[in-house]
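Observations on the model geometry
Single-letter residue listing:
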Amino acid sequence: MSTPTDPTAPAIDGPVGQPVGAARRPPREVLRAVFGHDDFRPLQGDVVDHVAGGGDALVLMPTGGGKSVCYQVPALARPGTGVVISPLIALMDDQVQQLRQAGVHAAALTSARTPEEVREIRRDLDSGALDLLYVSPERLLLGGLLEQLERCQIALFAIDEAHCVSQWGHDFRPDYRQLAVLGERFPDVPRIAVTATADESTRRDIKHQLGLTGARAFVASFDRPNIRYRVQVKGQARKQLLDFVCRDHPGESGIVYCMSRRKVEDIADMLRKEGVDAVAYHAGLAAETRSSAHTRFLREEGVVVVATIAFGMGIDKPDVRFVCHLDLPKSLEAYYQETGRAGRDGLPAEAFMVYGMTDVANLRRMVDDSSAPEEIKLVERRKLESLLGFCETTRCRRQVLLEYFGEAADACGNCDTCLEPVESIDGTHWARLALSAVYRVGQSFGAGHVVDVLLGKQNEKVDRRGHDRLQVFGQGTELSEKRWHSVLRQLVAQGLLKVDMANHGVLRLGPREQVVPVLRAEETVTLRADPEKLRPTRGAQKTGGRRAPAHDLEGADAALFEALRAKRRALAERQGVPPYVVFTDATLLEMVQRRPRGTSEFARLPGVGKSKLDRYADDFLAVLNG
Ligand code: ADP
Ligand code: ZN
């Protein structure tokens, strides 16, 4: 069942899926035999049973939640070829590689295929030899492919990254709109749309645009318990990053997001000088440079990619141990999606962000200046408020995130505010002073001058304007300069103050209806008690739980893990695939813990299906018994 175009395809007798017209195969058997998993995750089983039984489904699961299983298993359990529509070549190729390793006959019909390869794939499709066909939406509608599919037996249509159909989502792809045609032309073939983007408007749009109004919706918890969230106020951002990368995550692979291309390159340089294996990635780099960065990140261990958000979608690498934001993301959705790229393998991972007032102001300005219609701007402003609320919260960060996605949650015990609770205070008095000061200086000065006035600092600017005669002059000496800056930043975050970036960053009052009640002391303002103290990252060391799993191994176990990794690396290199395609870290860790001695014990390891058992058991058993 291997195709000549694929040197990595395994040699296994007979298709893993069903020949056309054959009886159905139990989904659990497929899960065990092909993917080596003993059980479905919560909800996966329900989705799989529903779709394998011919039902339509809309599946919302967080990144790393295990969405692929939701369509791959029913596709293999049902007779015929499963057709997966996916927006990115990188995503398709990655999945096809993984499936082939698992002994599945999968192919991706993309612009990267040669005409000969395309013919080959279409021949396999006709003969019913293909278990899974990946295709981009534009490709699906071209070259008579739909007509060909109508002649074939189709197990199901899966629409991956289904939020691309919605203009509310962040990756709108107009071609997705045309996928509604599938329901019309293939009324008897089940369709399953999957996405990690959950907000209500996007969800409605997906159903509507794809004609999936009758589909059953499956909404998984969006919690990613293995990710620890940490947010710090920007002090010396570079030092904060270095501490995080070099001290907490040495030798681990991760992503560092920055807003500008220039900064991406600067930060990558800085990390390299400190001995981190860092590569830069942004849309302005030559295609080869980008693709080499991408490939190194996937295929080597311990590479850190410093990138703009151009890097990310289509990264299925399971062992990304951290995601850092040196600039604020656009919204909490974007933040959750970006941080969700950490720890897909379920092992401990960390999301780390630093932010400052300039970031806040920049984002506000971007919204204000955009040419979008007012109703869209309104939504974007609300999204920004939520993001800032998350940064400034004194509550459990996971709770804030999950509540944003409409889910109730208990305090998690695995975020910075849970591990080292921040006190909040009634800051109404300070807020009033700050707001009055901004007002009294005519809403025409930046934070520095406002703080000088509050602290009663006599200087030339103050003298010249006569600001030392203001009532608020010197009224704020109880707080340090740093704390005043923090108060101002929090007021900006809460929308009580605005920063006018077009005008040298002068501070202005927020909307009247919000500000007046505070000035009249009718509304209270809650502030973090000591927000600018850069909180130590002790948590990471104290529990040890966030470090890469290998860091927790000792002595013989650590040595064995390294030997298994070396074996994995060699096998992966020989086939030109990323190491995780051979086995994930989770499977290697199980090997260390269980020490299987023979093939039957090896076969019971999670992540070891029939194909991988045949291909790799001997190699790894030799290391284990060596
Ligand atoms: P998503 O597409 O939702 O981001 P994936 O389908 O890539 O997630 O799955 C994430 C990881 O979880 C993969 O490494 C996959 O092997 C693993 N996984 C998925 N389902 C199961 C399961 N039932 N048991 C064990 N591991 C699973
Ligand atoms: Zn928490």
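Please read these numbers as outputs of a predicted model, since none were measured by experiment.

Reading guide: rules and limits
- Residues numbered from 1 in each chain as written.
- Chains lettered and ligands numbered in written order.
- Predicted model: local features only at pLDDT ≥ 70, side-chain atom pairs only at ≥ 80, totals over all residues.
- Heavy atoms only, no water.
- Helix = DSSP H or I, 4+ residues; strand = E, 2+ residues; numbered from the N terminus.
- Rg over C-alpha atoms; globule rule 2.2 N^0.38 Å.
- Buried < 20%, exposed > 50% of the residue type's maximum accessible area, 1.4 Å probe, protein only.
- Contact = heavy atoms within 4.5 Å.
- Areas by Shrake-Rupley, 256 points an atom, 1.4 Å probe, with all protein chains shown as cover.
- Lys, Arg positive; Asp, Glu negative; His and termini not counted.
- Charge placed at Lys NZ, Arg CZ, Asp CG, Glu CD.
- Near = heavy atom within 4 Å.
- Polar contact = N/O pair within 3.5 Å; in protein donor to acceptor, adjacent residues only side chain to side chain.
- Nonpolar A, V, L, I, M, F, W, Y, C, P; charged D, E, K, R; others polar.
- Expected span 1.5 Å × (residues − 1).
- Arc of directions from axis to C-beta.
- Core = buried A, V, L, I, M, F, W, Y, C linked by side-chain atoms within 4.5 Å.
- Donors = N, O, S within 2.8 Å, 3.2 Å for Na, K, Ca; no water.
- Tetrahedral: all angles 85-135°; square planar, octahedral: opposite > 155°, others 65-115°.
- Pairing = 2+ DSSP bridges.
- Axes fitted to C-alpha atoms, helices over the stretch in contact; angles between N-to-C directions.
- Phe/Tyr/Trp six-rings, centres within 6.5 Å; stacked < 30°, edge-to-face > 60°.
- Lys NZ or Arg CZ within 6 Å of the ring centre and 35° of its normal.
- pLDDT = per-residue confidence, 0-100.

What follows deals with the overall build of the protein. Summing up its helical and strand segments, the protein has 28 helices and 17 strands in all. The globule rule puts the C-alpha radius of gyration for 626 residues at 25 Å, and the 27 Å found for the protein is close to it. Projected onto the principal axes, the alpha-carbon positions of the protein cover approximately 90 × 60 × 45 Å. Looking at the 626 residues of the protein, the share that counts as buried comes to 56%. At a minimum sequence separation of 6, the contacts of the protein that also span at least 24 residues come to 72%. Carbon and sulfur atoms provide 48% of the accessible area of the protein, an area that totals close to 25600 Å². Across the protein, the centroid of the 84 positively charged side chains sits 2 Å from that of the 85 negatively charged ones.

Near ligand 1 lie 14 residues; those nearest to it are Asp-39, Gly-64, Lys-67, Ser-68 and Arg-344. Between ligand 1 and the protein, one listed contact pairs a nitrogen atom with a side-chain N or O atom of Gln-44 at 3.0 Å. Within the complex, the protein chains bury 79% of what would otherwise be the 570 Å² of accessible surface of ligand 1. Across the shell around ligand 1, the residue classes break down as three nonpolar, seven polar and four charged.

The subject of this paragraph is helix α12 (residues 287–299). An α-helical turn contains 3.6 residues, so a residue and the one three or four places further along point in the same direction. In a regular helix each residue adds 1.5 Å, so 13 residues correspond to 18 Å; α12 covers 18 Å between its end C-alpha atoms and thus fits that length. Looking only at α12, the buried set comprises Ala-293, His-294, Phe-297 and Leu-298. Here the buried residues of α12 occupy an arc of 130° about the axis, which is enough to place them on one side. For α12, the elements touching its buried residues are α4 (89–101), β9 (254–257), β10 (278–281), β11 (304–307) and α25 (579–582).

Attention now moves to the nonpolar core. Core analysis: the biggest nonpolar cluster contains 105 residues, and Trp-484, Phe-602 and Phe-620 have the highest contact counts within it. Top contributing element to this core by residue count: helix α18 (residues 428–440), with seven residues. Contact partners of Trp-484, with chain neighbours within four places excluded, come to Trp-430, Leu-433, Ala-434, Val-451, Leu-454, Leu-455, Gly-476 and Leu-479. Among the nonpolar cores identified, the runner-up in size contains 34 residues, and Phe-40, Val-59, Met-92 and Phe-218 belong to it.

The subject of this paragraph is the coordination of the zinc ion (ligand 2). Distances from the zinc ion (ligand 2) to its protein donors, Cys-396 (SG), Cys-412 (SG), Cys-415 (SG) and Cys-418 (SG), fall within 2.3 to 2.4 Å. Between the four donor atoms coordinating the zinc ion (ligand 2), the angles at the centre fall across 102 to 118°, so the site counts as tetrahedral. Mapping the donors of the zinc ion (ligand 2) onto the primary sequence gives the spacing C-x15-C-x2-C-x2-C. Cys-415 sits in the buried class, given a relative accessible area of 0%.

Okay, the pairing of β9 next. Burial of β9 is two-sided: the residues Gly-254 and Val-256 facing one way and the residues Ile-255 and Tyr-257 facing the other way are all buried. Two strands pair when backbone bridges link them, and β9 and strand β12 (residues 322–325) are joined in this way by four bridges, in the parallel orientation. Its bridge partner lying in β12, Ile-255 is registered against Val-323.

Pairing in this open sheet of six strands is parallel, and the strands run β8-β13-β12-β9-β11-β10 from one edge to the other. Among the strands making up the open sheet, the edge pair consists of β8 (227–233) and β10. Across the sheet, the mean angle separating the axes of adjacent strands is 15° when strand polarity is ignored. Along the sheet, helix α15 (residues 374–392) makes contact with β8 and β13 (349–355), crossing β13 at roughly 105°.

Our next topic: the packing of aromatic side chains. Using the criterion set out here, one finds 16 aromatic pairs in the structure. Aromatic pair Phe-244 and Phe-352: ring centres 4.4 Å apart, planes at 5°, arrangement stacked. Of the two residues, Phe-244 sits in helix α10 (residues 237–248) while Phe-352 sits in strand β13, which places them 108 residues apart along the sequence. Judged by its relative accessible area of 1%, Phe-244 falls in the buried class. The structure contains a cluster of three or more aromatic residues connected by ring pairs, namely Phe-222, Tyr-229, Tyr-335, Tyr-336, Phe-390, Tyr-404 and Phe-405. Over the face of the ring belonging to Phe-297 we find Lys-317, whose NZ or CZ atom lies 5.3 Å from the ring centre. Against the face of Phe-390 rests Arg-397, its NZ or CZ located 5.6 Å from the ring centre.

A few words now on unusual backbone geometry. Residues other than glycine seldom take positive phi values, yet Ala-521 does so here, at roughly 60°. Positionally, Ala-521 belongs in the loop between α22 (512–519) and β17 (526–528). Ala-521 gets classed as partly exposed once you look at its relative accessible area, which sits at 44%. The phi angle at Arg-595 is positive, at roughly 45°, despite the residue not being glycine.

The next point concerns the confidence of the model for the protein. The share of residues in the protein with pLDDT of 70 or more is 92%, and the mean pLDDT across the chain is 87. Of all secondary-structure elements in the protein, the lowest mean pLDDT belongs to helix α23 (residues 538–543), at 40, while strand β4 (residues 132–135) reaches the highest, 98. Below a pLDDT of 50 lies the segment residues 1–23, which in the model reaches 52 contacts outside its immediate sequence neighbourhood of four places, other chains included. In this model residues 531–546 is a low-confidence stretch, pLDDT under 50, and it forms 44 contacts with partners more than four residues away in sequence or in other chains.

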